[in-house]
Amino acid sequence: MAKYYPIFLNIQDKKCVVVGGGNVAWRKVCSLKEAGAKVTVVSPDFCPELERETGVERIQQKYTTDILKGAALVVASTDDGVVNKKVYSDAMERGILVNVVDKPDLCSFIVPASIQRGDLCISISTGGASPALARNIREYLEGQFGAEYGEFTHLLSEVRQKMLLEIKDEAIRRDILQRIAGFDILEIIKRKGVSEAKRKILEIVSEKIPGDK
Ligand SMILES: C[C@@]1(CC(=O)O)c2cc3[nH]c(cc4nc(cc5[nH]c(cc(n2)[C@H]1CCC(=O)O)[C@@](C)(CC(=O)O)[C@@H]5CCC(=O)O)C(CC(=O)O)=C4CCC(=O)O)c(CCC(=O)O)c3CC(=O)O
Ligand SMILES: NC(=O)C1=CN([C@@H]2O[C@H](COP(=O)(O)OP(=O)(O)OC[C@H]3O[C@@H](n4cnc5c(N)ncnc54)[C@H](O)[C@@H]3O)[C@@H](O)[C@H]2O)C=CC1
């Protein structure tokens, strides 16, 4: 089995093509859309979920190479191995990132199972060993990581932007940022809300920087 390098790809406003109109195509269309891509899906037929999907360009025809023009990424998710392989070789020739859903060895990237809580993303991969296990772990973690993690991440981002400007001493800044990302602050968000957590953060900051209010 191949080794993988986990990264987060910026595909905002980039053309991403999904070839195929079944359930697997729909799943990939949804995750690409959520990442802000301009999605084109091409297939002679679309499952009802794909038919209903808004904000997606649907091209109702068999795959042809010209559809890849200007694409940053393509997913081949037809039930026809020959077509999937053709998409793979077309993409490789053009330097386009490619995922072939039925052939892990024809993938320049594979897609993990993911949980999104605001800017916090937790992704799980088994490197293709067991997608079902990746899904089960995702479902388990969904129960552990509630909406409060989104609020927490948002609050930390706000405070961090401010501190990057205001606290020049890198060691002190790092110490504070590490401290306020602690689970005790998350507990305060859960029990008492965001404004109480902000108050606690200010308290920590003033303790760490004498004289700071
Ligand atoms: C290599 C990879 C390539 C890629 O697609 O990127 C790939 C390949 C294959 N998947 C297959 C089967 C299944 N895939 C799922 C589900 C998911 N598959 C996803 C990713 C990946 N699947 C990549 C590796 C990810 C990793 O392991 O890290 C997830 C995580 C993300 C997503 O697809 O968006 C999404 C869960 C999302 C979620 O729920 O959170 C289920 C379960 C279900 O549908 O409920 C089954 C049935 C059970 C089983 O087989 O385990 C088959 C055999 C097809 C056949 O039997 O014909 C192949 C081909 C092969 O293995 O040869
Ligand atoms: N990677 C993954 O997560 C998973 C992969 N798979 C594999 O994914 C593939 C697709 O699965 P499903 O969506 O369930 O299949 P499906 O049979 O529901 O859909 C296949 C789609 O491909 C379209 N298609 C066929 N020829 C085409 C062509 N020349 N050009 C464009 N579109 C074409 C069909 O019209 C249909 O819409 C299967 O090979 C399956 O083994 C299955 C489960 C999970």
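Residues numbered from 1 in each chain as written. Chains lettered and ligands numbered in written order. Predicted model: local features only at pLDDT ≥ 70, side-chain atom pairs only at ≥ 80, totals over all residues. Heavy atoms only, no water.

A. Focus on the UniProt feature "domain: Siroheme synthase central" (unreviewed entry) in the protein chain. Here, the residues flagged by UniProt with the feature "domain: Siroheme synthase central" (unreviewed entry) are residues 117-143. Here residues 117-143 runs as 48% helix and 22% strand, with 12 Å between its end C-alpha atoms. (UniProt positions renumbered as here; feature names shortened; annotations may be inferred. Helix = DSSP H or I, 4+ residues; strand = E, 2+ residues; numbered from the N terminus.)

B. Broad picture of helix α1 (residues 23-34). Taking 1.5 Å of rise per residue, twelve residues should cover 16 Å, and α1 covers 17 Å from first to last C-alpha, within 8% of that figure. Contacts from the buried residues of α1 go to β1 (15-19), β2 (38-42), α2 (48-52), β4 (73-76) and β5 (97-100). After α1 finishes, the residue Gly36 shows a positive phi value of roughly 90°. (Expected span 1.5 Å × (residues − 1). Contact = heavy atoms within 4.5 Å.)

C. Expanded view of the site of ligand 1. Within the structure, ligand 1 sits among 18 residues, and Lys28, Ser125, Thr126, Arg135 and Arg138 are positioned closest to it. Side-chain polar atom of Ser125 to an oxygen atom of ligand 1: 2.6 Å apart, as the coordinates give it. With respect to ligand 1, the backbone of Ala132 contributes an N or O atom lying 3.0 Å from an oxygen atom. The protein chains hide 68% of the 1100 Å² of surface that ligand 1 would expose on its own. Of all the cavities here, the one that holds ligand 1 is the largest pocket. Sorting elements by how many residues they give to the shell around ligand 1 places helix α4 (residues 131-144) first, with four residues. The residue inventory of the shell around ligand 1, partitioned by class, reads eight nonpolar, five polar and five charged. Split by domain, the shell around ligand 1 shows at least three residues from each of two domains, domain 1 (15-111) and domain 2 (112-145). (Near = heavy atom within 4 Å. Polar contact = N/O pair within 3.5 Å; in protein donor to acceptor, adjacent residues only side chain to side chain. Areas by Shrake-Rupley, 256 points an atom, 1.4 Å probe, with all protein chains shown as cover. 1 Å grid on protein atoms, 1.4 Å probe; cavity = no way out; pocket = protein on both sides within 12 Å on 5 of 7 lines; lining within 4 Å. Sits in = over half its atoms within 2 Å of the grid points. Nonpolar A, V, L, I, M, F, W, Y, C, P; charged D, E, K, R; others polar. Domains from an automatic or database assignment.)

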